[in-house]
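Residues per chain, in single letters:
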Amino acid sequence: MSAGLLAGRRRIATVFLAFAFAYFLSTLVRAITATLSPALTVEFGLESRDLGLLAGGYFLGFAFTQLPMGTWLDRHGPKRVIVCFLSAAVAGCLLFSVATHFWLLLAARVLTGVGVSACLMAPLTGYRRWLTPPMQLRSNSWMLMVGSFGLVGATLPVQWLMPYLGWRPLFWLLAAGVLVSMALIAWAAPAWHDDTAVREKNQEEGSSYAAVWGDPFFRKLAPIGFFNYGGFVAMQTLWVVPWLTRVAGYTPQEAAGALFWISIALLATYGLWGMVNPRLAHRGIPAARLLAWGMPLGMLALALVLIAGPAAGTVAWVAFLCVSTVVTLAQPAVALALPTALAGRALSAYNLVVFAGVFVVQWGIGLLIDLFASAGLDQVASFRAALSVFLACCVMSYVYFLWAPPHNRCVVPRPA
């Protein structure tokens, strides 16, 4: 298949929606621990480090699968890979629903992370082959917009259902939804047939990631993926709620409502990116330039959150997270910078960097909060100090992005 082969709006929309439903569920189950964190903390007696490890276990499962998954996506195509992976997500959701100990919860989160780890990489690999470059940028942003619907679903709707169902039956419903998404993808997704050029390139590269890890543009964006992008996801899917409840004084219901409006704002932001990205690309404004312009605004917004402390509520976090969405442009930029035959490996390798960063930041912030508290800081000061360490790491990765040596400045997409 060559770029642009998937033609017709109805056909493109059908394929997009099939994959989008699976990604919606993956982001819902990703973020649900933030809404459930007060209930899980009470029921299992969790500390900050435990909460960070539990939420991060999902991303650890992601990280385990990324490298082999990239090779499998290039070789077998999105349909076969994602359907196989989602079966593990069904098992993970069911295991989480019956867990009675923390380590069983953690094992279920890791298994779920493994199961949904192809929900974004599979469609993006397909789009790299099926769609034109402007449509790839648009579809990437709109997939993230769909993911924001999942984040919305993990907030107030979950909070409303809790008194009636409890948290365990929610995971039975998630498992059923994943089964439906598997059937939709199996029905809608195109078959995967390599053309001669792609097949020869795959034979030349084999399953090696050397061309990906050695790519100058990939290396340039790796620290940003780990700290800035990974930290953005870590804040969004976990630490916003503990900040609101423990620092800003929100009740669990108020925090769920805040997360709902944060997710709505992110949904609108991703939709806007989907509309403007093709126009910016047409005008010759590359993603690397947008990253250079936009990331300082996100870091400034986080600094203002830390300065405001208990006064930093919903509006402050909306500002930080919405501005920080610029880091998501790094993912399609990496895919476009490498040859089509390496698309699955390039996306999966960068996803590995991002989700390893999410795991480290989520767990690391929890460890730092407990560490600073044991050193005598109060709860507000402990949160501020932990997030200040995270902000310093983001600043350093941005400086590297700007001042990498000349040999590491490949910013023009290569021909397929």
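Owing to the predicted nature of the structure, the values given are computational and were not obtained by experimental measurement.

What follows covers the packing of helix α2 (residues 48-76) against helix α3 (residues 78-98). To describe two helices that pack against each other, one gives the angle between their axes and the distance between the axes. Where α2 contacts α3, the two axes come as close as 10 Å, and the packing angle between them is 160°. Comparing their axes, α3 and α2 come out roughly antiparallel. Seen from above, α2 lies across α3 with right-handed handedness. Residue-level contacts link Leu-54, Thr-65, Met-69, Trp-72, Leu-73 and His-76 of α2 to Pro-78, Arg-80, Val-81, Phe-85 and Phe-96 of α3. Tallied by class, the residues present in the contact of α2 with α3 amount to eight nonpolar, two polar and one charged.

Attention shifts here to the side chain of Asn-351. Along the chain, Asn-351 turns up in helix α16 (residues 343-374). Residue classification places Asn-351 among the buried positions, given a relative accessible area of 2%. Each residue touching Asn-351, except ones within four places of it in the same chain, is listed here: Phe-62, Gln-66, Ser-117, Met-121 and Gln-331.

Computed from the structure, the second largest pocket encloses a volume of approximately 180 Å³. What lines the second largest pocket is a set of eleven residues, and nearest its centre among them are Ile-12, Ala-13, Phe-16, Met-135 and Trp-142. Among the secondary structure elements, those contributing two or more residues to the lining of the second largest pocket are α1 (9-44) and α6 (133-153). Here the lining of the second largest pocket is built from residues that sort into nine nonpolar, one polar and one charged.

Two elements in contact, helix α13 (residues 287-308) and helix α14 (residues 314-324), have axes separated by 8 Å at closest approach and are oriented at 160°. Here α14 runs roughly antiparallel to α13, going by the angle between their axes. Our pair here, α13 against α14, has a crossing hand that is left-handed. Contacts between α13 and α14 pair Gly-294, Leu-297, Gly-298, Ala-301, Leu-302 and Val-305 from the former with Ala-316, Trp-317, Ala-319, Phe-320, Val-323 and Ser-324 from the latter. Tallied by class, the residues present in the contact of α13 with α14 amount to nine nonpolar, three polar and no charged.

Turning next to the confidence of the model for the chain. The predicted structure's coordinates, where accompanied by low pLDDT, should not be read in detail. On average, residues of the chain score 86 in pLDDT, and 92% of them reach the 70 mark or higher. Low pLDDT, under 50, characterises residues 408-416; the predicted model gives this stretch 25 contacts beyond four residues in sequence or across chains.

Attention now goes to the pattern of salt bridges. By the definition in use, this model includes four salt bridges. Note that Glu-43 and Arg-168 form a salt bridge whose closest N and O atoms lie 3.1 Å from each other. One end of the pair, Glu-43, is in helix α1; the other, Arg-168, is in helix α8 (residues 167-188), with 125 residues separating them in the sequence. Put simply, Glu-47 and Arg-49 hold a salt bridge, and the shortest N to O gap is 3.4 Å.

Calculation notes
Residues numbered from 1 in each chain as written. Predicted model: local features only at pLDDT ≥ 70, side-chain atom pairs only at ≥ 80, totals over all residues. Heavy atoms only, no water. Axes fitted to C-alpha atoms, helices over the stretch in contact; angles between N-to-C directions. Helix = DSSP H or I, 4+ residues; strand = E, 2+ residues; numbered from the N terminus. Parallel < 35°, antiparallel > 145°, perpendicular 65-115°, else oblique. Left-handed = near helix turned anticlockwise from the far one by under 90°. Contact = heavy atoms within 4.5 Å. Nonpolar A, V, L, I, M, F, W, Y, C, P; charged D, E, K, R; others polar. Buried < 20%, exposed > 50% of the residue type's maximum accessible area, 1.4 Å probe, protein only. 1 Å grid on protein atoms, 1.4 Å probe; cavity = no way out; pocket = protein on both sides within 12 Å on 5 of 7 lines; lining within 4 Å. Points joined across faces, edges and corners; volume = space filled by probe spheres on them. pLDDT = per-residue confidence, 0-100. Salt bridge = Lys/Arg side-chain N within 4 Å of Asp/Glu carboxyl O.

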